[in-house]
Structures are given as C-alpha cells and as structure tokens.
2 protein chains.
Amino acid sequence: MTVESVPTAPRMKAADRRELILEAATAVFGAKTYVGTTTDEVARAAGVSQPYVVRLFGTKEKLFIEVIDRAYDRLIEEFRAVLPGDPEDLGRRMGTAYTDLLVERGMLPVVANSTALGGEPEIGRVARAGFSRIWRFIRDEAGFSPEQAREFIATGMLINTIVGLRLTGDYGDEVSATEVLDACFPDAVEKVRSLLPAAGEPW
Amino acid sequence: MTVESVPTAPRMKAADRRELILEAATAVFGAKTYVGTTTDEVARAAGVSQPYVVRLFGTKEKLFIEVIDRAYDRLIEEFRAVLPGDPEDLGRRMGTAYTDLLVERGMLPVVANSTALGGEPEIGRVARAGFSRIWRFIRDEAGFSPEQAREFIATGMLINTIVGLRLTGDYGDEVSATEVLDACFPDAVEKVRSLLPAAGEPW
DNA sequence: GTCTATATGCGGATAGAC
DNA sequence: GTCTATCCGCATATAGAC
C-alpha cells in the first residue's frame, strides 16, 4: 500500500485560481477586516496553501486592493443593471440591488471596510477611486440630484453599519434590531435579517 | 557627572494616568483601527511604557472597549448639551455637535470603527450597546420620528465615511472632495476640511 | 501550478525590579 | 506607579522541490 499523497489543489489555470481566491478573500476580508485577516485564512478558505496566495498576488495588501476594486466594480454593475425602467422608482431599485448583494459574501462589508482605510497610502487611493466611481455613476448615469445622491449614499452607509454591527436580533437591553430595521427599511427587514449572521457567528 | 536616569513618566495617580492613556488610545485607535493599532503605539502616544498600558487595562481588547464606551458617552453628552432651544432647529444643532467632535482626535473614527466589529463577541456587544444608547437618545430625548432618526444617523454614517476615506482634497481623477462635501453639507465644508488630515498623513 | 519548509520580524503579555 | 527584560506565538514572505 503506497503512501497516499496529501490532497492537493487540483491543477487549474492561474486565472481561474485567482478568481477563486478572490472570492474566498472577499468573504474572509469582509468578515474579519483587512488587518484582522491572515493570508492563511484566505488560503484555507480557497483550499490552497498560504504561500501560494502570496505568490499569486504579491502581497496581502495587493490582494486586498484587487478585492475592493472588484467589489466596487460589482456594485456599479448591479446598479447599472436596474437602470432601465421607471425613473421615479430608480432609487428603490438601486437600494434593492444594494441589499441583494448581501448574498455575495463579503462584498458589502469589504466596501465598508475600505472606507475606513483612507489613511493607508495605497489602499486609500483605491478606496477613494472606488467611491468616486460610485458617486459619478449615481450623478451621471443614474441622474440623481446632489441631494438624492447624498441621501442614497448615506442610506447605504447606514446599511453597512447595521451589517457591521450585526444588528440582527434582540440582545437583551440593547436596541432591538427589528426596531432599527423597521424604522430604516420597512420593506427590507426580512431579507436583511435572513442574510446576516447572528452576532458572534462567523460569516 | 552622574549618569542621567532615562526620562520616565512622572508619578501620577492611576486614575489620571488612565484618563491620559484613554485619550491617547482614542487618537491612535481612531487613526489606525482596532486591529491595526499596537499597544506600543498607544503607550508611546501617552508617554508611558507598553507593558504599563497592558498592566493598567488588562488587555488591548479591554482598553479598546473602554475607549469606544467613552466615545459613545461623549457623543450623547454633546447631543444633550444642544437639546435646549428651538425644536425645529434641533437636527441642525446636533449635526453641528457631531462634526464639532472632529476636534477630539479619534472620537468619531473610533465610533465608526466599532460599527464594523459586530462580529467580535466582546467588542460587538459594547458597540451595539453604544449604538443603542444613541438610538434611544435620538428617539426618546430628542423626540425624533423614526424617519428623522433614520435620516440623522444615516447622515452621521456618511460623515464617518468621508472622514475615513480622507476625502479632503483633490486626487487627480478621483472625485473632488469639494464636490461631495458641497453636495452633502454645504455649510460644513470648511470646518470638516480643516479638521481632516491630508490623505496619507497621520492624524 | 502548487506545495513544504522555514526565516524573520513583530506584537501582546508576563515577571519582576525599583 | 512605572519601568526593563523577555518569552512566546503568529503572520508574512522567501526558497526551492515536485
């Protein structure tokens, strides 16, 4: 009986492997923040070895930069998809597109996290650029007024907060999630709740 | 000539020293996030040794928890201070109270950072509790309607984002800070800009 | 294309002196 | 009340085999 070789990742084109790792990285970075994430966790989530992650992306920072860049792109892609239709209703459709992205693990949290990292030279640059793209899209393509744009983005940031705080249940004397969510997004309560992990749970 | 003793922190009552360290910690945590901050940086910012910080607060996590708890308290204190006066104008006064807190280094960023850490068992608990206090204050003491409350908090989160992104200048092809700030808070532009560090600058 | 082994540096925390 | 010395664990990154 020969010694079985340790299960190793199946060979695959580097481009596909990159894609796979980027998805895993989005989920992990989203759950644990940029600094809180180790390249090893990303590697395990993607089913490859830690050095290979570094090998493919150079550094953890470069990996994160690709992740947030992709996330901002994805966001715009989803917004653009709901452009056709009644302009009166566009804000609502875009809001739905935003919360729908909760199913793509890490996508929203990663964007949220990036907005806290403006102080990092490289990451900050990319984060500001991503935010700019969103802003321009909303103004130019969606045709929002400054006031509408401000309102829309502010609401998105509030959703990020609810997600980040894991405001999904009732925590004793703390404010009830239902109360905040009800006040904020009466029609999205169930969706948001069902897509959030419980507090303390991994995502 | 006797050998000079290494400059050492002057003796001081532990309570005062705690306070001093908490202020330094707020600034550092605010600038570099919870995970990104080392207890050594906090110590140096406070002018004491690293082990002493740990000695006084037990762990880095406990220190951070005290920091955000204090920050949420401070926030409410400032809001409460502007309660008296024309109710029509209360929202604006509270908004001003919020942005005025930018002068207290780290205060706002630390609160923002805490909202991303709901996944951490201990920190998440405290962060949700802090957010709850704010929410209840706005509803019960300030008497905001659910819609007003939602609007007010969402705007606060947007301000946090602008601060976190360091959206303070013109970055080439990126969106101009003036454009976003103008659209968001026409009357606070100068204050916010003047209180933010430039991108890449320490805070 | 992917792994194992490993160097290296850093951060949190402890022990104990003054 | 505060410091110095230091241990230990962990995370990133490199070298090099298969």
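Each chain carries its own residue numbering, running from 1 in the written order of its sequence. Following the order in which they are written, the chains are lettered starting with A and the ligands numbered starting with 1. For this predicted model, a pLDDT threshold of at least 70 governs which residues receive local features, and a threshold of 80 or more governs which side-chain atom pairs are given and counted, while totals over whole chains, interfaces and linings are taken from all residues. With hydrogens and water stripped out, all remaining heavy atoms of the structure feed into the side-chain values.

Caption draft 1: Spotlight on the overall build of chain A. Helix numbering and strand numbering both begin at the N terminus, where a helix is a DSSP run of H or I of at least 4 residues and a strand a DSSP run of E of at least 2. Summing up its helical and strand segments, chain A has ten helices and zero strands in all. Going from the N terminus to the C terminus, chain A shows its helices and strands as α-α-α-α-α-α-α-α-α-α. Taking all 203 residues of chain A together, 50% fall into the buried category. For this analysis, residues touch if any pair of their heavy atoms sits within 4.5 Å. Put simply, 63% of the contacts in chain A that link residues at least 6 apart link residues at least 24 apart. A total of about 9500 Å² of accessible surface is found on chain A, and carbon and sulfur atoms cover 53% of it. Only protein chains enter the area calculation, which uses a 1.4 Å probe; residues under 20% of their type maximum are buried, those over 50% are exposed, and those in between are partly exposed. For accessible areas, the Shrake-Rupley method is used with a probe of radius 1.4 Å. Any residue's cover is judged against the shown protein chains and nothing else.

Caption draft 2: Structural view of the packing of aromatic side chains. Residues and elements named next belong to chain A. Aromatic contacts are taken between Phe, Tyr and Trp rings whose centres are within 6.5 Å, Trp giving its six-membered ring; a plane angle under 30 degrees counts as stacked, one over 60 as edge-to-face, and the others as tilted. Taken as a whole and judged by the stated rule, the model has 14 aromatic pairs over all chains. Arranged with centres 4.6 Å apart and planes meeting at 35°, the rings of Tyr34 and Phe64 form a pair that is tilted. Highlighted residues: Tyr34 in the loop between helix H1 (14-32) and helix H2 (39-46) and Phe64 in helix H4 (residues 60-81), separated in sequence by 30 residues. Each member of the pair, Tyr34 as well as Phe64, carries the same accessibility label: buried. Taking 6.5 Å as the distance between ring centres and 20° as the angle between the ring planes, the aromatic pair formed by Phe79 and Tyr98 counts as stacked. One end of the pair, Phe79, is in helix H4; the other, Tyr98, is in helix H5 (residues 90-100), with 19 residues separating them in the sequence.

Caption draft 3: The protein's contact with DNA strand C, seen in detail. In the vicinity of DNA strand C there are 21 residues, among which Pro10, Ala14, Arg17 and Tyr52 of chain A together with Thr39 of chain B approach most closely. For DNA strand C, the fraction of protein-proximal atoms (within 4 Å) that sit in sugar or phosphate groups is 60%. N or O atoms within 3.5 Å of each other form a polar contact, as long as, within protein, one can give a hydrogen and the other can take it, and as long as residues adjacent in sequence are counted only when both atoms are side-chain atoms. Thr39 of chain B is positioned such that a nitrogen or oxygen atom in its backbone is 2.8 Å from a phosphate oxygen of DNA strand C. Gln50 of chain B has a polar side-chain atom sitting 2.9 Å from a base nitrogen of DNA strand C. Counting residues per element, the ones that place at least two in the surface near DNA strand C are H1 and helix H3 (50-57) of chain A together with helix H3 (50-57) of chain B. In terms of residue class, the surface near DNA strand C is built from eight nonpolar, seven polar and six charged. Proximity is defined per residue: any heavy atom of the residue falling within 4 Å of a molecule or strand makes that residue near it. Residue polarity is assigned by list, with Asp, Glu, Lys and Arg as charged and Ala, Val, Leu, Ile, Met, Phe, Trp, Tyr, Cys and Pro as nonpolar; anything else, Gly included, falls into the polar class.

Caption draft 4: Spotlight on H3 of chain B. All names here are of chain B. For H3, the set of buried residues is Val53, Leu56 and Phe57. Along H3, the residues classed as buried sweep out an arc of 80° about the axis, all on the same side. Relative to its buried face, H3 has exposed residues pointing more than 90 degrees away, namely Pro51 and Arg55. As for H3, its buried residues are in contact with helix H1 (14-32), helix H2 (39-46) and helix H4 (60-81). Taken from the residues just after H3, Gly58 is the one with a positive phi, measuring 90°. Directions pointing from the helix axis toward each C-beta atom define the arc.

Caption draft 5: Main features of the protein's contact with DNA strand D. In the neighbourhood of DNA strand D, 22 residues make up the surrounding shell, with Thr39 of chain A together with Pro10, Ala14, Arg17 and Tyr52 of chain B lying closest. In DNA strand D, atoms within 4 Å of the protein come from the sugar-phosphate backbone in 61% of cases. Contact distances for DNA strand D include 3.2 Å between a base oxygen and a side-chain N or O atom of Arg55 of chain A. Ser49 of chain B is positioned with one of its backbone polar atoms (N or O) 2.9 Å from a phosphate oxygen of DNA strand D. Contributing elements (two or more residues each) for the surface near DNA strand D: H3 of chain A together with H1 and H3 of chain B. Among the residues forming the surface near DNA strand D, the class breakdown is nine nonpolar, seven polar and six charged.

Caption draft 6: Here's a closer look at the pattern of salt bridges. Note on definitions: salt bridges are taken to be side-chain nitrogens of Lys or Arg within 4 Å of carboxyl oxygens of Asp or Glu. Throughout the structure, instances matching the rule amount to 32 salt bridges over all chains. The salt bridge involving Arg150 of chain A is made with Glu151 of chain B; its shortest N-O contact spans 3.0 Å. On the criterion of chain membership, the pair formed by Arg150 of chain A in helix H8 (residues 146-165) and Glu151 of chain B in helix H8 (residues 146-165) is interchain, its members lying in two chains. Of the charged contacts in the structure, one is a salt bridge between Arg44 of chain B and Asp40 of chain B, with a shortest N-O distance of 2.9 Å. Of this pair, Arg44 of chain B and Asp40 of chain B both sit in helix H2, four residues apart, which is roughly one turn of that helix. Three or more residues joined by partner-sharing salt bridges are found here, namely Glu147, Arg150 and Glu151 of chain A together with Glu147, Arg150 and Glu151 of chain B.

Caption draft 7: A look at the packing of H4 of chain B against helix H7 (residues 121-141) of chain B. Residue and element names in this part refer to chain B. To define axes, lines are fitted to C-alpha atoms, for helices over the stretch in contact only, and angles between the resulting N-to-C directions are given on a 0 to 180 degree scale. For the pair H4 and H7, interaxial distance at closest approach is 9 Å and the crossing angle is 5°. Between H4 and H7, the crossing angle belongs to the class labelled roughly parallel. On H7, the residues that touch Glu61, Phe64, Ile65, Ile68, Asp69, Tyr72, Asp73, Leu75, Ile76, Phe79 and Arg80 of H4 are Glu122, Ile123, Val126, Ala127, Gly130, Phe131, Arg133, Ile134, Phe137 and Glu141. Looking at side-chain class alone, the contact of H4 with H7 contains 13 nonpolar, one polar and seven charged residues. Roughly parallel here means an angle under 35 degrees, roughly antiparallel means over 145, roughly perpendicular means 65 to 115, and every remaining angle is called oblique.

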